[in-house]
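Summary of the model geometry
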Amino acid sequence: AISLPERVVTAAEVRALLKKTVPLNEAAGRISAEYVWTYPPGIPLLCPGELITSEIAESIEENLSIGRRIVAAADLRLHSIKIIP
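Summary of the structure given here. (Residues numbered from 1 in each chain as written. Predicted model: local features only at pLDDT ≥ 70, side-chain atom pairs only at ≥ 80, totals over all residues. Heavy atoms only, no water.)

**Let's talk about the pairing of strand β6 (residues 80-84)**
For the record, the criterion: Here the term buried applies to any residue with accessible area under 20% of the maximum for its type, exposed to any over 50%, and partly exposed to those in between, with areas from a 1.4 Å probe on protein chains only. Helix numbering and strand numbering both begin at the N terminus, where a helix is a DSSP run of H or I of at least 4 residues and a strand a DSSP run of E of at least 2. By the convention used here, strands pair only if DSSP detects at least 2 bridges between them.
Within β6, 4 of the 5 residues are buried, which leaves it mostly tucked inside the rest of the structure. As judged from the 4 bridges shared by strand β1 (residues 20-23) and β6, these two strands associate in the antiparallel manner. Along β6, the bridge assignment pairs Lys20 with Ile83. Taken together, the 2 bridges between strand β2 (residues 31-32) and β6 define a ladder with antiparallel strand orientation. Note that in β6 the partner of Ile31 across the bridge is Ile84.

**Here we look at helix α2 (residues 54-65)**
Let me state the cut-off plainly: Multiply 1.5 Å by the residue count of a helix minus one, and that product is the helix's expected span. By construction, the arc corresponds to the directions joining the helix axis to the C-beta atoms. Contact definition: two residues touch when any of their heavy atoms are within 4.5 Å.
When the terminal C-alpha atoms of α2 are compared, their 16 Å separation across 12 residues agrees well with the 16 Å that a helix rising 1.5 Å per residue should span. Those residues of α2 that sit buried are Ile56, Ala57, Ser59, Ile60 and Asn63. Angularly, the buried residues of α2 cover 160° about the axis, an arc narrow enough to put them on a single face. Exposed and facing more than 90 degrees away from the buried side of α2 are Glu58, Glu62 and Ser65. Residues of α2 that are buried make contact with β3 (36-39), β4 (44-46) and β5 (69-71). Two residues or fewer past α2, Gly67 is found with a positive phi of approximately 90°.

**A closer look at the side chain of Glu34**
Going by this rule: Neither His nor the chain ends is counted toward charge; the positive residues are Lys and Arg and the negative residues Asp and Glu. Salt bridge, as used here: a side-chain nitrogen of Lys or Arg that lies within 4 Å of a carboxyl oxygen of Asp or Glu. Here a polar contact is recorded for every N or O atom pair within 3.5 Å, except that within protein the pair must consist of a potential hydrogen donor and a potential acceptor, and residues adjacent in sequence are included only if both atoms are side-chain atoms.
By the secondary structure assignment, Glu34 is in the loop between β2 and β3. Here Glu34 occupies a buried position and makes no salt bridge, while the nearest side chain of opposite charge, Lys82, is found at 5.8 Å. In terms of polar contacts, Glu34 uses its side chain to reach the backbone amide nitrogen of Ala74, at 2.7 Å. In this view, Glu34 contacts Leu46, Cys47, Pro48, Ala72, Ala73, Ala74, Ile81 and Lys82; residues no more than four positions away in its chain are not counted.

**What about the sheet that holds β6?**
Read from one edge to the other, the open sheet built from 3 strands follows the order β1-β6-β2, with strand pairing classed as antiparallel. Edge positions in the sheet fall to β1 and β2, since each of these pairs with one other strand and no more.

**Digging into the environment of Gly42**
Structurally, Gly42 is set in the loop between β3 and β4. Considering only alpha carbons, one finds Gly42 and Val71, 29 residues apart in sequence, at a separation of 8.1 Å.

**Here's the deal with the environment of Leu18**
By the secondary structure assignment, Leu18 is in the loop between α1 (11-16) and β1. Separated by 65 residues in sequence, Leu18 and Ile83 place their C-alpha atoms 8.6 Å apart.

Rendered as structure tokens:
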């Protein structure tokens, strides 16, 4: 089990902030600007405003490699992710 992500800013604050798209492998240490969850089980791995750790990025890649579907992210294959620069 991975650790819960740290909330850095609220989802409401994220809506007002500038966003940028970066490759997933460059996202660790950045703040997510979007929801990312896999189905099944349908539980969010990231919400807007949460810190993307290397552990979370690896978990996303692992979920993709075993065939779980990404839901809600702008890039459904999750080669990239929206962040707060």
